[in-house]
Amino acid sequence: MNRYIGSSVERYDIGTKVAGSRKYPQDFNMEGQLYAKVVWSEYAHARILSIDTKAAEQVPGVIAVFTYKDVPVNEYGIYLMDQRVLAQDKVYSVGDPVALVVAESETIAARAAGLVKVSYEPLPVVTDARLAMRPDSSLVHEERGTNVLYHIPIRAGNIEEGFAKADVIVEGSYYTPRVEHAFMQPEAGLGYIDEQGRVTVICAAQWPHDDVRQIAHALALPEEQVHEIVPAIGGAFGGREDISLQILVALAAYKLRRPVKLVYSRAESMRGHGKRHPFYMRYRTGATRDGYLTAVEVECITDAGSAASTSIPVLQNAASFLAGPYYVPHARIDAYTVYTNNIFTMAMRGFGATQPPFGYELQMDKLAEALGMDPVEIRMRNLLEDGMRAVTGNVMRHGTGIKKTLEEAALAAGWHRTSAGWQKPNLGAPSAPHKRRGIGIACGYKNVGYSFGFDDKSEAHVELRLDSQGQISRVLIRIGAAEVGQGVMTTLAQIAAETLDVPVEKIRLSLIDTAVVPNAGSSSASRQTYMSGNAVMRACQKALEAYHEALRAEEGQDVITASYTYRAREVTPTTNYDPVTGQCEPHISYSYGTQAAIVEVDTETGEVEILRMVASTDIGRVIHPANVFGQVAGGIHMGVGFALTEEFIQQEGQIITQSFTGYQIPTMLDMPRELIHRNVEIPDPTGPFGATGLGETPTLPTAPAIINAIHDAVGVWIDSLPATPEKVYRAMRELGKKNARHRLGG
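Residues numbered from 1 in each chain as written. Predicted model: local features only at pLDDT ≥ 70, side-chain atom pairs only at ≥ 80, totals over all residues. Heavy atoms only, no water.

Quick look at the pattern of salt bridges
Okay, so step 1: Under the criterion given, the structure shown has 44 salt bridges.
Okay, so step 2: For Arg730, the salt bridge goes to Glu726, with nearest N and O atoms at 3.1 Å. Linking Arg730 with Glu726, this pair stays in helix H17 (residues 725-743), spanning four residues, or about one helical turn.
Okay, so step 3: Under the relative-accessibility criterion, Arg730 is labelled partly exposed at 45%. (Salt bridge = Lys/Arg side-chain N within 4 Å of Asp/Glu carboxyl O. Helix = DSSP H or I, 4+ residues; strand = E, 2+ residues; numbered from the N terminus. Buried < 20%, exposed > 50% of the residue type's maximum accessible area, 1.4 Å probe, protein only.)

Section: unusual backbone geometry
Okay, so step 1: Residue Pro722 is bonded to the preceding Leu721 through a cis peptide linkage, with omega at -5°.
Okay, so step 2: Even without a glycine there, the phi angle at Phe689 is positive, about 55°.
Okay, so step 3: Along the chain, Phe689 turns up in the loop between strand S28 (674-680) and helix H16 (702-714).

A few points about H17
Okay, so step 1: The end-to-end C-alpha distance of H17 is 27 Å, a good match for the 27 Å that 19 residues give at a rise of 1.5 Å each.
Okay, so step 2: Within H17 the residues assigned to the buried category are Val728, Ala731 and Met732. An end-on view of H17 places all buried positions within 100° of arc, on one side of the element.
Okay, so step 3: Along its buried surface, H17 packs onto strand S24 (589-602), strand S25 (608-618) and H16. (Expected span 1.5 Å × (residues − 1). Arc of directions from axis to C-beta. Contact = heavy atoms within 4.5 Å.)

Quick look at the packing of helix H15 (residues 625-644) against H16
Okay, so step 1: At a minimum axis distance of 8 Å, the contact between H15 and H16 shows a crossing angle of 50°. With respect to their mutual orientation, H15 and H16 come out oblique. Crossing of H15 against H16: the hand is right-handed. For the pair formed by H15 and H16, the contact residues are Gly635, Ile636, Gly639, Val640, Phe642, Ala643 and Leu644 on the first element and Thr702, Ala703, Ile706, Ile707 and Ile710 on the second.
Okay, so step 2: Partitioning the contact of H15 with H16 into residue classes produces nine nonpolar, three polar and no charged. (Axes fitted to C-alpha atoms, helices over the stretch in contact; angles between N-to-C directions. Parallel < 35°, antiparallel > 145°, perpendicular 65-115°, else oblique. Left-handed = near helix turned anticlockwise from the far one by under 90°. Nonpolar A, V, L, I, M, F, W, Y, C, P; charged D, E, K, R; others polar.)

Re the environment of Gly639
Okay, so step 1: Within the secondary structure layout, Gly639 lies in helix H15.
Okay, so step 2: When its relative accessible area of 0% is taken as the criterion, Gly639 is described as buried.
Okay, so step 3: Distance from Gly639 to Asp578, taken between C-alpha atoms, is 33 Å for residues 61 residues apart in sequence.
Okay, so step 4: Other than its neighbours up to four places away in sequence, Gly639 contacts Thr699, Thr702 and Ala703.

Section: the pairing of strand S11 (residues 226-230)
Okay, so step 1: By the criterion of burial, S11 is predominantly enclosed, with five of the five residues buried.
Okay, so step 2: Judged by which residues are buried, S11 turns out to be covered on both faces: Val226, Glu228 and Val230 on one side and His227 and Ile229 on the other are all buried.
Okay, so step 3: Taken together, the four bridges between strand S10 (residues 199-203) and S11 define a ladder with parallel strand orientation. Residue Thr200 lies in a different strand from S11, and its bridge partner there is His227. (Pairing = 2+ DSSP bridges.)

Points about the packing of aromatic side chains
Okay, so step 1: For the structure shown, the criterion picks out 14 aromatic pairs.
Okay, so step 2: Through a chain of ring-to-ring contacts, the aromatic side chains of Phe321, Tyr445, Tyr590 and Tyr592 assemble into a single cluster.
Okay, so step 3: When the ring centre of Phe642 is taken as reference, the NZ or CZ atom of Arg276 above it lies at 5.2 Å.
Okay, so step 4: A cation over an aromatic ring shows up here: Arg284 above the ring of Phe163, its NZ or CZ 4.1 Å from the ring centre. (Phe/Tyr/Trp six-rings, centres within 6.5 Å; stacked < 30°, edge-to-face > 60°. Lys NZ or Arg CZ within 6 Å of the ring centre and 35° of its normal.)

Looking at the packing of helix H10 (residues 356-371) against H16
Okay, so step 1: At a minimum axis distance of 9 Å, the contact between H10 and H16 shows a crossing angle of 30°. As judged from the angle between their axes, H10 and H16 are roughly parallel. When you trace H10 past H16, the crossing you get is right-handed. Between H10 and H16, the contacting residues are Pro357, Phe358, Glu361, Leu362, Asp365 and Glu369 on the first element and Pro704, Ile707, Asn708 and His711 on the second.

Describing helix H13 (residues 488-500)
Side chains of residues three or four places apart in an α-helix project in the same direction, reflecting 3.6 residues per turn.
Okay, so step 1: In a regular helix each residue adds 1.5 Å, so 13 residues correspond to 18 Å; H13 covers 18 Å between its end C-alpha atoms and thus fits that length.
Okay, so step 2: Most of H13 sits out of view: 13 of its 13 residues are buried.
Okay, so step 3: One or two steps after H13, the chain reaches Asp501, where phi turns positive at roughly 55°.

Details of the environment of Ala132
Okay, so step 1: Mapping Ala132 onto the fold places it in helix H4 (residues 129-132).
Okay, so step 2: Classification of Ala132 as buried rests on a relative accessible area of 1%.
Okay, so step 3: Between the alpha carbons of Ala132 and Thr617 there is a distance of 38 Å; along the sequence they are 485 residues apart.

A short note on the sheet that holds strand S21 (residues 507-509)
Okay, so step 1: Read across the open sheet, the four strands follow the order S21-S20-S19-S23; overall the sheet is mixed. Whereas interior strands pair on both sides, the edge strands pair on one side only; in this sheet they are S21 and strand S23 (559-567). Each strand of the sheet is rotated relative to its neighbour by a mean of 20°, with strand direction disregarded.
Okay, so step 2: Packing of H13 onto the sheet brings it into contact with strand S19 (457-466), strand S20 (472-478) and S21, and relative to S21 it is tilted by some 140°.
Okay, so step 3: Sheet contacts for helix H14 (residues 528-553): S19, S20 and S23; angle to S23, the most-contacted strand, approximately 145°.

Thoughts on the state of the cysteines
Okay, so step 1: Evaluation of the coordinates by the stated rule reveals zero disulfides.
Okay, so step 2: For Cys300, which is in no disulfide, the shortest distance to another cysteine sulfur is to Cys584 and amounts to 16 Å. (Disulfide = S-S within 2.5 Å.)

Looking at the side chain of Asn147
Okay, so step 1: Its location among the elements puts Asn147 in the loop between H4 and strand S7 (148-156).
Okay, so step 2: Looking at Asn147, the relative accessible area reads 1%, which means it is buried.
Okay, so step 3: Polar side-chain contacts of Asn147 include one of 3.2 Å to the backbone oxygen of Ala132.
Okay, so step 4: Not counting residues within four places of it along the chain, the set of residues in contact with Asn147 comprises Val126, Ala132, Ser137, Ser138, Leu139, Val140, His141, Thr337, Val338 and Tyr339. (Polar contact = N/O pair within 3.5 Å; in protein donor to acceptor, adjacent residues only side chain to side chain.)

Regarding the environment of Arg612
Okay, so step 1: Inspection of the secondary structure puts Arg612 in strand S25.
Okay, so step 2: The spatial distance from the C-alpha of Arg612 to the C-alpha of Lys424 is 15 Å, given a sequence separation of 188 residues.
Okay, so step 3: Not counting the four nearest positions on each side in its chain, Arg612 is found in contact with Ala413, Ala596, Ala597, Ile598, Pro672, Glu674 and Ile676.
Okay, so step 4: Looking at Arg612, its side chain comes within polar contact range of the side chain of Glu674, at 3.0 Å.

Focus on the nonpolar core
General note: in soluble globular proteins, nonpolar side chains tend to be found buried as a group.
Okay, so step 1: In terms of nonpolar packing, the biggest core is built from 107 residues, with Trp415, Val601, Leu644, Ile706 and Ile710 touching the most fellow members.
Okay, so step 2: Excluding its chain neighbours within four sequence positions, the residues that come into contact with Trp415 are Asp374, Val376, Ala410, Trp422, Gln423, Lys424, Pro425, Ile439, Ile441 and Ala596.
Okay, so step 3: In this structure, Ile477, Met489, Leu509 and Ala539 belong to the second largest nonpolar core, which totals 44 residues. (Core = buried A, V, L, I, M, F, W, Y, C linked by side-chain atoms within 4.5 Å.)

Focus on the sheet that holds S7
Okay, so step 1: The strand order S7-S15-S14-S13-S8 describes an open sheet built from five strands, whose pairing is mixed. The open sheet has two free edges, formed respectively by S7 and strand S8 (168-176), since each of these has just one partner strand. Shown here is a sheet whose adjacent strand axes are inclined to one another by a mean of 5°, direction ignored.
Okay, so step 2: Across nine bridges, S8 lies against strand S13 (residues 279-287) in antiparallel orientation. Across the sheet, the residue bridging to Val168 is Ala287, located in S13.
Okay, so step 3: Contacting S7, S13, strand S14 (293-305) and strand S15 (330-339), helix H9 (residues 311-321) crosses the sheet at an angle of about 20° to S7.

Printed below as a string of structure tokens:
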């Protein structure tokens, strides 16, 4: 019987957040601080002929205007160093900073920034990733000789043989748009030189130790001369995995030896960080008349935008999931990521696993319709189970819980299991004569941790303080796991309390300062519960052993310390894609999810109302039930936006959606009237207390479940997201015309 695992203990940070006393990066100020303002690129693609800073420098109160000439090593990047701290010879998108003005006040800095004169020679702009692949396309990075950043082929079985065995083949082309992270707290940072002469940055970050690596590189400093402090973070969703303004405030503080603060406006935030990758996907899927998959062929092109960021690992993830959580004996998959002059794309909740379900789950419903089969029944016949082989050749390990999540979600949504197979529920009458009801279902699965041979690791330090009686009076954990709202601090405290068998109130976690806490990797890839949970659990086990030895020795110790670095590849080795066949051992661990949507479509306006969402998620073991529900609800909220409203629009590289007025985030009125969640717990034997990870999986099935429900209600397929009322209405009108022609024999 566990004391804290599976218990919704009070969140570690909830008191100060509710009281409003917890400090976020923009709340920090220092005596004598200066203020910075960015001069952004005016063009999506242009050569820089000159930068004239004289007028700006003459404004009273301006301290300095920095350009590329002031950056010791003018490059950075989380994966490839293909980004400039400040634009040098050309600009690659309108998201490129060209100069940085530092002044005594924010108002003066903003005024002076408007006086920096940059002379450009405009260059051809390419914004469609498919067109950017053509040999005659203009090149974003000329030195590469191509805009294709990366290509992954996957070959399994014999594709011709697979389609020859198919009784039915369905084809589809799908598009998912560029999406904004829309975190509540825009980027803010304060750079200064600390009492030891180190460059110091206070900012929000998902992977502070990697920020330090990139800042030190750009400033040509040893990493120990730079550190980053991470206070409360106002949301992230992958949007703070890449470095942003922290490299600018570090540069200014390093040059001026004074504190420098920079806070982005919402428009600057939307301009200054990357977006979710747009995906163009073409599918061809074959199945027998009994509903068993025989073959899948997929071409997937993703838009990397102007810089690599994490586009290659995002593509690696995406390619491994393009066939879905299904057994497919024959597959041919080609996945590409391509440079364009759009704002660069990056990590976002799902990291390449969010877009593929829109393709493979609509294909499953189209197959079911072609075969006259229930959507749950066809999925049940094809879902992966323990011991089955995925298209990448890996054998699914113990704990493959996708089929159980489908069963739980289908039953909770009203499906019936009969001797003839699964049958859809009767949804009852719609709320008005011009409305139609429909139900849709979709599955998804997601890796936990860094994949494809990456040395994923997390390190934890544990300190036990003993009282005069030799009892543990306090526990301090030092670990660099960023709390981005997911509740990781509370989860780690629960794991420590359970392992040490002490009250959770005795656990304290150190503030993240890279000079003090060890590297825990990024708060991404749904990995912190699994990776840092394993590190904390094992460090606590070591500390507990040392504690018992100290008691036996009776030497009067009052402090016990222990450290542990959890390396996933020592437990579950992964490998990169074979360059020809794509066969590999892709991932450390997985989580699984299924969702059902019941919607009502207004046939007069195309508006879609979500009456009920049913979600079932397998994360191995639930550590904190309330946090799990929060992640599920938050993931569905993001999935609803992905399905129905959200699209970050650029035209010829220029930003059209510059604020939350134009960028449509779902409100409470857009959310499901009812949300039902079912936990499935099939423990991962390698996870802490059997847990895997959850952060991203709940977003995956939402959009395809809603789109499949729209089809069930009014008969139209929406193959391009978001399914706006106008798009749904137009599709219904086209279907009406087509049916009329059919009735007339046309």
